[in-house]
Amino acid sequence: MRIVETFKNILKIEDLRNRILWTIGLCAIYRLGSFIILPGIDANLLASVSANHQDEGLLALLDMFSGGAFSNASIFALGIMPYISASIVVQLLTMVVPKFQKMSRDGESGHNQINQITRYLTVVILILQSLAYIISQNSLFANTGGVNPIVDYSLGFIISSIIILTAGSMFVLWLGERITEKGIGNGISFLIMIGIIARLPQALSIEFADRNNGAGGLVMFLLEIFFLILVIGICILLVQGTRKVPVQYAKQIRGNRQYGGVRQYIPLKVNAAGVMPIIFAQAIMFVPMMAAGYSTSKTGFWSSFTDPNSFAYNATCAVLIVVFTYFYTAITMNPVQMAEAFKSQNGFIPGVKPGKATADYLDTIMTRITLPGSLFLALVAILPFVARQIGVSTSFAQFFGGTSLLILVGVVLDTLQQVESHLMMHHYDGLMKSGKIKGRTGSVAAY
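Being a predicted model, the structure only gives us computed values, none of them experimental.

**Q** Describe the pairing of strand S1 (residues 242-249), naming the residues involved and giving the relevant values.
**A** Both S1 and strand S4 (residues 263-269) contribute to a ladder of 7 bridges, which runs antiparallel. Within the sheet, the bridge partner assigned to Pro246 lies in S4 and is Tyr265.

Here it is in C-alpha cells:
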C-alpha cells in the first residue's frame, strides 16, 4: 500500500524522524500538564461540579483551544491564547505606530525587539486574565449548591494561582517555540490543534450515545459524519483557494549571463485574512454579552446576545466577519507596496502599466475575491449554530465550523506540506500519488 511505503520513507529520513519524535514528545508534555490541577483545588469536587456545568460561547471556545484545561482548572488553563492576543495587539501597533513600523523594517534585530515586546505584553495579559479566571471560577463554584472545590479562597491562594497560571502559559509558549525549532510545523498553532483534537473523541462519544438512544439513530449519526467531512472539504478549498496573477520580469544582460525574462505569479489568497476575522468578531460580540449581563432587563435586544444559539447573535457575528475580512485584508495586503516591489525588480503584469495602474489592478482583484471569501468564512463561522439547531450536541457541533475547524485544517495542511517537502528533498515521492499539497512546487513571485 502507498501509505505504508510513504510511512517507511518518512522513517528513513533521520532529520524528519527526529522532528516527528520531538513533536510527539513535547505534545505529550503539554497534554500531561493540562490534567495537573491548581494547588488548593479539590480534584474530586471539581470533577462533580464540571459534570453539572457546561461552558458556552467564548468560554467553550477557550476550553476547546486549551484541550479542556480551562474547565479542569489546570496549570495550563489559560493556554496559548494570551500570547495570541498580545501578538494581535502588537501586529496592529506595527501597522499604525511609526516606531513599531520602523522596528518591523529593521530586519532580524527589529523582529527580535517586537518578539520581546510581545512576550512582555503576554505576561501583563496573563496576570490580568489569571486574576479574572480565579475570581470567575470561585463565583461559578459558589453558585453550584454550596459545593466549592477551592479549599481556601484567600489572598495567598489568589497570588499563588496567578503565579502558577502565568508560569504555566509561558511554559506552553516555550513548548510551542521548541516545536517550531526542533519539531514539525508551527509550534503555537500545533498546540492549539492538539487541544482541539483532544476534545473530539469525547464529543463523538456523546453524540453517538445521544443518537443511539433514539434521537435519529445510527443513520443520523452517519449522516452527521458525512456532512462533517463535507464541511472539512469546503474549509480546505477556502484555505487553499488562490487567484494567480502572472508577473513578467524583463530580461537583463550582465556580462555573459542573462537574468530575468521568466514569468512567475502572485498567489492572491481568497481568504488572505485566515481566522483573524472570526477571532475579532467573537471578541466584539463578547462586549454586548457583558452589557447584557449587567442589564436589569433580561428581555429585548441586549438579552439576545447572551445566547450564542440565537439568530440575532449569529447574524450579527456573520456581518462582523465580512467587515473584518475586508479590514484585515486591506491592512495586510498592500497593493501599492507590491506594485513598487515589482517596479524595482523590473517586473510587470502583462497588459497593465507599472506603478499606480498595477496597484489599482491588484486592489480590484483583491476586492473581488475577498467578497466570496468573506461570505464563505461567515458561513463556516455560523455552521456550529446551524448544527445545534438540527439537534447536534453542543460539544460535537463546535467541530462543524468556526475558528476551531479552520485552525485544524490550516495546521494539518501546513504540517503535511512540511513533511512532503522533506520527502521531496530526499528524492522520495510526495504524500499523494496525484495532485500537490499547495506550496510544494511552483515559482511564486516575491513581494
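**Q** Explain helix H10 (residues 217-240) to me, and be specific about the residues and the numbers.
**A** Its 24 residues give H10 an end-to-end C-alpha distance of 35 Å, which sits within 8% of 34 Å, the value for a rise of 1.5 Å per residue. Listed in full, the buried residues belonging to H10 are Phe221, Glu224, Leu228, Val231, Cys235, Leu238 and Val239. On its buried face, H10 is in contact with helix H9 (187-212), S4, helix H14 (356-389), helix H15 (394-397) and helix H16 (402-425).

**Q** Before we move on, could you go through the packing of aromatic side chains and cite the residues and values that matter?
**A** Applying the stated rule across the entire model yields 7 aromatic pairs. Taking the centre distance of 6.0 Å and the plane angle of 25° together, the rings of Phe76 and Phe171 count as stacked. In this pair, Phe76 is assigned in the loop between helix H4 (58-65) and helix H5 (81-96) and Phe171 in helix H8 (residues 155-182), connecting sequence segments 95 residues apart. Residue Phe171 is classed as partly exposed on the basis of its relative accessible area of 33%. Summarising the aromatic geometry, the rings of Phe171 and Trp174 are spaced 5.8 Å apart at their centres and angled 20° between planes, so their arrangement reads as stacked. Of this pair, Phe171 and Trp174 both sit in helix H8, 3 residues apart, roughly one helical turn. Exposure remark for Trp174: the relative accessible area of 40% places this residue in the partly exposed category.

**Q** Please set out a nonpolar patch on the surface residue by residue, giving values where relevant.
**A** Together, Val219, Leu223, Phe226, Phe227, Leu230, Ile234, Phe376 and Leu379 line one region of the surface with nonpolar side chains, adding up to about 760 Å² of accessible area. Those elements that place two or more of their residues in the nonpolar patch are H10 and H14. Per-element accounting of the nonpolar patch gives the leading share, 6 residues, to H10. Along the chain, Leu223 falls in helix H10. For Leu223, a relative accessible area of 40% corresponds to the partly exposed category.

**Q** Explain the nonpolar core to me, and be specific about the residues and the numbers.
**A** Judged by nonpolar contacts, the single largest core of 76 residues is most densely connected at Ile80, Ile321 and Leu406. In this structure Ile80 touches Val172, Leu173, Ile188 and Ile192, once residues within four positions along its chain are discounted. In this structure, Tyr249, Met333, Val352 and Ile365 belong to the second largest nonpolar core, which totals 14 residues.

**Q** Break down the packing of H10 against H16 for me, citing the residues and quoting the values.
**A** Two elements in contact, H10 and H16, have axes separated by 10 Å at closest approach and are oriented at 65°. Considering only the axes of H10 and H16, their crossing is right-handed. Seen from H10, the contacting residues are Val231, Ile232, Cys235, Ile236, Leu238, Val239 and Gln240; seen from H16, they are Leu405, Leu406, Val409 and Leu413. When its residues are assigned to classes, the contact of H10 with H16 shows 10 nonpolar, 1 polar and no charged.

**Q** Explain the pattern of salt bridges to me, using residue names and the numbers behind them.
**A** Under the criterion given, the structure shown has 6 salt bridges. Salt-bridge contacts for Arg211 lead to Glu224; the nearest nitrogen and oxygen are separated by 2.5 Å. Of this pair, Arg211 sits in helix H9 while Glu224 sits in helix H10, and the two are 13 residues apart along the sequence. This pair shows no difference in class: Arg211 is buried, exactly as Glu224 is. Within the structure, one salt-bridge network assembled from shared partners comprises Glu207, Arg211 and Glu224.

**Q** Requested: an account of the confidence of the model for the chain, with residues and values cited.
**A** Averaged over all residues, the pLDDT of the chain equals 78, while 80% of them reach at least 70. At the low end of the mean pLDDT range in the chain sits strand S3 (residues 257-259), at 62; at the high end sits H8, at 90. Low pLDDT, under 50, characterises residues 293-298; the stretch is placed with 3 contacts to residues that sit more than four places away or in other chains. Note that residues 439-447 has pLDDT below 50 and, in this model, 28 contacts with residues that lie over four places away or in other chains.

**Q** Report on empty space enclosed by the protein, specifying residues and quantitative values.
**A** For the structure shown, the criterion picks out 2 cavities of 30 Å³ or more. For the second largest cavity, the calculated volume is near 30 Å³. The wall of the second largest cavity is formed by Leu38, Ile41, Tyr133, Ile134, Gln137, Ile150 and Phe157. With 3 residues, the top contributor of residues to the lining of the second largest cavity is helix H7 (residues 107-142). A class-by-class count of the residues in the lining of the second largest cavity yields 6 nonpolar, 1 polar and no charged.

**Q** Outline the side chain of Thr166, listing residues and values.
**A** Locating Thr166 in the fold gives a position in helix H8. Accessibility expressed as a relative area gives 11% for Thr166, which makes it buried.

**Q** Quick one: what's the story with the environment of Phe190, residue by residue and with numbers?
**A** Take Phe190: it is sitting in helix H9. Note: C-alpha distance between Phe190 and Thr180 (10 residues apart in sequence) is 9.0 Å. Each residue touching Phe190, except ones within four places of it in the same chain, is listed here: Thr23, Cys27, Ile184, Val411 and Thr415.

**Q** Describe the sheet that holds S1, listing the residues and the values that go with them.
**A** Strand order in the open sheet formed by 3 strands is S4-S1-S5, with antiparallel pairing between adjacent strands. Where the open sheet ends on each side, the last strands, each with one partner, are S4 and strand S5 (347-348). Strands S1 and S4 of the sheet are contacted by H14, whose axis makes an angle of about 40° with S4.

**Q** Break down the side chain of Thr415 for me, with residues and values.
**A** Tracing the backbone shows Thr415 in helix H16. Only 2.8 Å separates the side chain of Thr415 from the backbone oxygen of Val411, close enough to count as a polar contact. In contact with Thr415, not counting residues within four places along its chain, are Ile184, Gly185 and Phe190.

Definitions and limits used
- Residues numbered from 1 in each chain as written.
- Predicted model: local features only at pLDDT ≥ 70, side-chain atom pairs only at ≥ 80, totals over all residues.
- Heavy atoms only, no water.
- Pairing = 2+ DSSP bridges.
- Helix = DSSP H or I, 4+ residues; strand = E, 2+ residues; numbered from the N terminus.
- Expected span 1.5 Å × (residues − 1).
- Buried < 20%, exposed > 50% of the residue type's maximum accessible area, 1.4 Å probe, protein only.
- Contact = heavy atoms within 4.5 Å.
- Phe/Tyr/Trp six-rings, centres within 6.5 Å; stacked < 30°, edge-to-face > 60°.
- Patch = residues over 30% accessible without salt bridge, like charges linked within 9 Å, V, L, I, M, F, W, Y side chains within 5 Å.
- Areas by Shrake-Rupley, 256 points an atom, 1.4 Å probe, with all protein chains shown as cover.
- Salt bridge = Lys/Arg side-chain N within 4 Å of Asp/Glu carboxyl O.
- Core = buried A, V, L, I, M, F, W, Y, C linked by side-chain atoms within 4.5 Å.
- Axes fitted to C-alpha atoms, helices over the stretch in contact; angles between N-to-C directions.
- Left-handed = near helix turned anticlockwise from the far one by under 90°.
- Nonpolar A, V, L, I, M, F, W, Y, C, P; charged D, E, K, R; others polar.
- pLDDT = per-residue confidence, 0-100.
- 1 Å grid on protein atoms, 1.4 Å probe; cavity = no way out; pocket = protein on both sides within 12 Å on 5 of 7 lines; lining within 4 Å.
- Points joined across faces, edges and corners; volume = space filled by probe spheres on them.
- Polar contact = N/O pair within 3.5 Å; in protein donor to acceptor, adjacent residues only side chain to side chain.

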